[in-house]
Amino acid sequence: MDVVPDVPDADVPAAPAAAPERRRLFADLTPLRTSVDYRRLWVGNTISWIGQAMTSLAVSLQVYDMTGSSFAVGLVGLFTLVPLVVFGLYGGAVADTVDRRKVGLYSAVGLCALSVALAGGALLDYAHVWFLYAVVALQAVCAALNAPARASMIPRLLPAEQLPAANALNSLTMTTGITVGPMLGGLLVGLWGYQSAYLIDAVAFTAALYAMWRLPAMRPGDDGAKGDDAGGEADGGAEAGGGKRRRASVLDGLRFLATRPNLRMTFFTDLCAMVLAHPRSLFPAVAVVWYGGDAKTAGLLAAAPAVGALLGGVFSGWQGRVRRHGLMIVVSVAAWGTAIAVFGLTRNLWLGVFFLAVAGCSDMISMVFRNTMLQAATPDAMRGRLQGVFIVVVAGGPRLGDFLAGAVGQAVSPRVAIVGGGVACVLAVALLTARWRAFLRYDARSPEA
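Residues numbered from 1 in each chain as written. Predicted model: local features only at pLDDT ≥ 70, side-chain atom pairs only at ≥ 80, totals over all residues. Heavy atoms only, no water.

> Break down a nonpolar patch on the surface for me, with residues and values.
On the surface, Leu25, Phe26, Val307, Leu311, Val314 and Phe315 cluster together to form a nonpolar patch covering roughly 510 Å² of accessible area. Inspection of the secondary structure puts Leu311 in helix α13 (residues 295-314). Taking the relative accessible area as the measure of exposure, Leu311 reaches 47% and is therefore partly exposed. (Patch = residues over 30% accessible without salt bridge, like charges linked within 9 Å, V, L, I, M, F, W, Y side chains within 5 Å. Areas by Shrake-Rupley, 256 points an atom, 1.4 Å probe, with all protein chains shown as cover. Salt bridge = Lys/Arg side-chain N within 4 Å of Asp/Glu carboxyl O. Helix = DSSP H or I, 4+ residues; strand = E, 2+ residues; numbered from the N terminus. Buried < 20%, exposed > 50% of the residue type's maximum accessible area, 1.4 Å probe, protein only.)

Structure representation (C-alpha cells):
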C-alpha cells in the first residue's frame, strides 16, 4: 500500500492519496512489473492460449465437416480428456523430478509441432478423422506435461504476497483465450480455411517458447529454504547425505495430499461446483425450451460465465489484500451454486445471462484463491504433483458435471437439474465446511496445508 507522507501545507490537495484506492479496483499488475521472467511467461501464455482456443474450435469444425456427426465432434472431448487425466498426474511427477523449465520448453515444442502437423494435414487435404483424434490426444499429453511444470514455476518467480495477483492475471489469460480464441478461429476458418488457424496457432506458440527459453533452470528443491523441511519429509526425493534426487512418485504425492486437509478442501470445493452445478450440457435445450431461441442463444449462455470471469479478473485488485483464503473459497463456491440455482428459476434471457456471469465471476475468484493456497502451502518438492492433481480435477470435474446435468435433465427436466444442482452444491460445501472448520481459518500470512 502506498504511504503518503505528512506535509505541513494544508493547501496540498488530497486527490493523489485516493488514486491508489481506485487503482486497486483493477487487476494488480505488480507481478508483471517486478519480474521480467514472469512477464515474459504471462505474455507468452496469453498469446498461446488464444492460439490453442482457435485450434480447438477449428478441429471441431473440421471433424463435423468430415463426418456430419455431432457424436464424432463429441469424441474430440473424450480423446482430450483421457490423456489429460492420465498424464496430468504423471506430468506432475515429472515436474518434481527434472528441470521444470526443460519440461515446459519441450512440451511447448511438442504442442507447436502438432499445430504444424494439423496445418499440413489441412493443406494436403488429408481428410481422415482418426488423424485429428490422434493429434488432439497427443496435444493433451503435451498439455498435461506442460501445465504442472508451468504452474509450479510461478512461486519460484514471485514472492508469496504476489501470488494472488499472479493467479488473477493467469485467470485473465484463460478467459481471454476462451472468449477471443473461438471468435478469431471461426473468422479465420471462414476466410482462409482450417490451415490458417492451425498455422497461426503454431506461430503463436513461439511466444511461449521464447518465454520458457529465457527462464533460468528450475530444478525441484533448488529454491533455498522454501518448504525444504516439509518437502524433504513428504517427498523422500533426496537421499540422506548425498542430495541425489530420485524420480518423484505419483503415489507419494497422493499420500502427501491425504495428510493435508486444507489442500484437499480446495479440490473438494471445486468438485462441488463443477460436478453438482455445471449446466453447460443443458444450454442447447434451455435456449430453445425456455427462451425460444436457437444456436446463437445457446452460444450466448455458454459465453456468459466466461465474460463474468473476465470481468472478475479485470476488477481483481482487492484480492491481494485478502488473508482468509479458505473462507473466500467457500463463499465463492456457495455464490456459484446460488447463482446457478437462481438461473434455473429465470425465464428472462438477459436475467439468466446475468446470473451465469455472476457464477463465472465467482468461479474465477475461487480459482485464484485455490491456486494461491496450492502454491503457497505446498513445499516445492511436491508442487508439480499437486498441480497434476489440480489438472485432473479441473479437466475431469466439468465433464462429469456435463454428464450428470445431461442425465438428470433428460430423466426429469432441465429446471430440476439446474436448480437442484445449484442447491446441492451449496449444501455439499456447507457439509464439508462443517466437517473441516479449520479451512475457514486458513491465513495466507502463515499458510498451512
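> Provide a residue-level description of the packing of helix α5 (residues 100-123) against helix α6 (residues 129-157), including the pertinent values.
In contact at an axis separation of 8 Å, α5 and α6 are set at 155 degrees when each is read in the N-to-C sense. It follows from the interaxial angle that α5 and α6 lie roughly antiparallel. Along this stretch, α5 crosses α6, giving a crossing that reads as left-handed. Looking at side-chain class alone, the contact of α5 with α6 contains 15 nonpolar, 8 polar and 3 charged residues. (Axes fitted to C-alpha atoms, helices over the stretch in contact; angles between N-to-C directions. Parallel < 35°, antiparallel > 145°, perpendicular 65-115°, else oblique. Left-handed = near helix turned anticlockwise from the far one by under 90°. Nonpolar A, V, L, I, M, F, W, Y, C, P; charged D, E, K, R; others polar.)

> Before we move on, could you go through the environment of Ala168 and cite the residues and values that matter?
Within the secondary structure, Ala168 is located in helix α7 (residues 163-192). Accessibility expressed as a relative area gives 1% for Ala168, which makes it buried. In sequence terms Ala168 and Ile365 are 197 residues apart; their C-alpha atoms lie 7.9 Å from each other. Beyond its immediate chain neighbours, meaning those up to four positions away, Ala168 contacts Ser316, Gln319, Met364 and Val368. (Contact = heavy atoms within 4.5 Å.)

> How would you sum up the environment of Leu32? Please name residues and give values.
The residue Leu32 is located in helix α2 (residues 30-34) in this model. Linking Leu32 and Leu158, residues 126 residues apart in sequence, is a C-alpha distance of 9.8 Å. In this structure, Leu32 is in contact with Tyr38, Arg39, Trp42 and Leu169, ignoring residues within four places of it in sequence.

> Please give an account of unusual backbone geometry that cites residues and values.
Of note in this structure, Asp125 is not a glycine but carries a positive phi near 55 degrees. Inspection of the secondary structure puts Asp125 in the loop between α5 and α6. Taking the relative accessible area as the measure of exposure, Asp125 reaches 63% and is therefore exposed.

> I'd like a description of helix α17 (residues 414-435), backed by residues and values.
Over its 22 residues, α17 runs 31 Å from end to end, which matches the ideal 32 Å to within 8%, given 1.5 Å per residue. Listed as buried for α17 are Ala417, Ile418, Val419, Gly421, Gly422, Cys425, Ala428, Val429, Leu432 and Thr433. Packed against the buried residues of α17 are α11 (261-276), α12 (283-289), α14 (325-345) and α16 (380-411). (Expected span 1.5 Å × (residues − 1).)

> Lay out the state of the cysteines in plain terms, naming residues and giving numbers.
Inspection of the entire model under this criterion finds 0 disulfides. No disulfide involves Cys272; its sulfur sits 5.9 Å from the nearest other cysteine sulfur, which is in Cys425. The exposure class of Cys272 is buried, given its relative accessible area of 7%. (Disulfide = S-S within 2.5 Å.)

> Go over the packing of aromatic side chains with me, naming the residues and quoting the values.
Applying the stated rule across the entire model yields 12 aromatic pairs. Aromatic pair Trp130 and Phe131: ring centres 6.4 Å apart, planes at 90 degrees, arrangement edge-to-face. Exposure remark for Phe131: the relative accessible area of 18% places this residue in the buried category. (Phe/Tyr/Trp six-rings, centres within 6.5 Å; stacked < 30°, edge-to-face > 60°.)

> Explain the pattern of salt bridges to me, using residue names and the numbers behind them.
Where side chains of opposite charge bring their charged atoms close, a pairing between them can arise. On inspection of all chains with the given rule, the structure shows 8 salt bridges. Residues Asp270 and Arg370 are paired through a salt bridge, measuring 3.3 Å at the closest nitrogen-oxygen approach. Of this pair, Asp270 sits in helix α11 while Arg370 is found in helix α15 (residues 349-376), placing the two residues 100 residues apart along the sequence. In this structure, Asp270 and Arg370 share a single accessibility class: buried. Residue Arg383 is joined to Asp380 by a salt bridge in which the shortest nitrogen-to-oxygen separation is 3.0 Å. A residue pair is termed a helical-turn pair when its members lie 3 or 4 positions apart in one helix, as Arg383 and Asp380 do in helix α16 at 3 residues. Per residue, the accessibility class of Arg383 equals that of Asp380, and both read buried. Connected through salt bridges with shared partners, the residues Asp96, Arg100, Arg156, Asp380, Arg383 and Arg385 form a single ionic network.

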